[in-house]
Amino acid sequence: MELSQHNILTQLGEESGWLLVNLLSGEADQLGPEEGERLSRGEYENPAELTLKGYLVKPEEEARRYKRAYLDFVESRATDEVQLFYVPSYACNFDCAYCYQAGYEPEQRGDQDAVLDAFFAYVEGAFAGRRKYVTLFGGEPLLPNAASVRVVRRLVAPPVCPAVREQAGAGARLRERQVRLPVRA
Ligand code: SF4
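Residues numbered from 1 in each chain as written. Predicted model: local features only at pLDDT ≥ 70, side-chain atom pairs only at ≥ 80, totals over all residues.

Draft legend 1. Structural context of the overall build of the chain. Looking only at helices and strands, the chain features five helices and nine strands. Helices (α) and strands (β) of the chain occur, in sequence order from the N terminus, as β-β-β-β-α-α-β-α-β-α-β-α-β-β. The buried share of the chain, taken over its 185 residues, is 17%. (Helix = DSSP H or I, 4+ residues; strand = E, 2+ residues; numbered from the N terminus. Buried ≥ 20, exposed ≤ 12 C-beta atoms within 10 Å, placed from the backbone.)

Printed below as a string of structure tokens:
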């Protein structure tokens, strides 16, 4: 037995311990500082539990599980719902210290009809017949002005977008709002 090559072990902080995740089994655990430290050196005391959760494996068995998961993924990819992103701009009314988008495009674009027309034409062609939804992303995509209203109105108009998911900026009170609309035949 050996530690899975799909484990991710990362330290959360000196007192908070460690986070152990296995991308193949889907398990995630928070470990204490000492247990995490030991595991980072390849040492452990609870092989039964680690094995049950896919952290400790027989490499040949894990290779088979990986192959099966990959084939399942390829098969479902053809029919799964597709997530598309539309970014009206990276303008935002917050100024979070950790923002990695601050230098992208601080000014909000005005009229986006031509861009949206091109976006819809691309979506209709590239994803015809597929279930799909659009995530409206920013910056802050719901800045209170006419351009934001126009973008949202156009995005929620069927038949192109059966659903629109809006992700407001990380600092906003509203983190996510999902609107599901019936698809027009
Ligand atoms: S809410 Fe998001 S986009 Fe706006 S400043 Fe904060 S991190 Fe950046």
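Okay, back to it.
Draft legend 2. Looking closely at the nonpolar core. Ranked by size, the top nonpolar core spans seven residues in total: Trp18, Leu20, Leu39, Leu50, Tyr55, Leu56 and Val57. Put simply, the parts of the chain that give this core at least two residues each are β3 (17-22) and β5 (56-57). With residues near it in sequence (within four places) discarded, leucine 20 still touches Asn7, Leu9, Asp29, Leu31, Leu39 and Tyr55. Within the second largest apolar cluster, five residues are counted, among which are Tyr86, Val134, Leu136 and Val151. (Core = buried A, V, L, I, M, F, W, Y, C linked by C-beta atoms within 7 Å. Contact = placed C-beta atoms within 7 Å.)

Draft legend 3. Structural view of helix α4 (residues 113-126). Here α4 is 14 residues long and its end C-alpha atoms lie 20 Å apart, about the 20 Å a rise of 1.5 Å per residue gives. Little of α4 sits out of view: just zero of its 14 residues are buried. (Expected span 1.5 Å × (residues − 1).)

Draft legend 4. Spatial organisation of the sheet that holds β3. Taken together, the three strands give an open sheet; going across it, the order is β2-β3-β4, and neighbouring strands pair in antiparallel fashion. Each end of this open sheet is capped by a strand with a single partner; those strands are β2 (7-13) and β4 (28-31). In this sheet, neighbouring strand axes are inclined to one another by 20° on average, regardless of whether the strands run parallel or antiparallel. Here four bridges tie β3 to β4, and the two strands are oriented antiparallel to one another. (Pairing = 2+ DSSP bridges. Axes fitted to C-alpha atoms, helices over the stretch in contact; angles between N-to-C directions.)

Draft legend 5. Quick peek at the pairing of β3. With six bridges connecting them, β2 and β3 associate as antiparallel partners. Pairing of glycine 13 across the sheet is with glycine 17, part of β3. Hairpin connection of β2 to β3: three residues between the antiparallel strands. In this antiparallel pair of consecutive strands, β3 and β4, the connection spans five residues, and glycine 26 shows a positive phi of 80°.

Draft legend 6. Up close: the environment of glutamate 34. In this fold, glutamate 34 is placed in helix α1 (residues 33-40). Taking the C-alpha atoms as reference points, glutamate 34 and tryptophan 18, separated by 16 residues in sequence, lie 9.0 Å from one another.

Draft legend 7. Up close: helix α5 (residues 146-155). Within α5, burial applies to Ser148, Val151 and Leu155. Buried residues of α5 fall within an arc of 65° about the axis and therefore sit on the same side. In α5, those exposed residues whose orientation departs by more than 90 degrees from the buried face are Ala146, Val149 and Arg153. (Arc of directions from axis to C-beta.)

Draft legend 8. Just the confidence of the model for the chain, in detail. Residues with a pLDDT of 70 or more make up 84% of the chain, whose mean pLDDT is 83. Mean pLDDT values for the elements of the chain range from 53 in strand β9 (residues 176-180) up to 97 in β5. In the model, residues 170-176 has pLDDT below 50 throughout and makes nine contacts with residues more than four positions away in sequence or in other chains. (pLDDT = per-residue confidence, 0-100.)

Draft legend 9. Quick peek at the environment of arginine 130. Position of arginine 130 among the secondary structure elements: in the loop between α4 and β7 (132-136). Remark: the alpha-carbon pair of arginine 130 and aspartate 80, spanning 50 residues in sequence, is separated by 7.8 Å.

Draft legend 10. Highlighting unusual backbone geometry. A cis amide bond, omega 15°, links glycine 138 with the succeeding residue glycine 139. Of note, glycine 139 is situated in the loop between β7 and α5.

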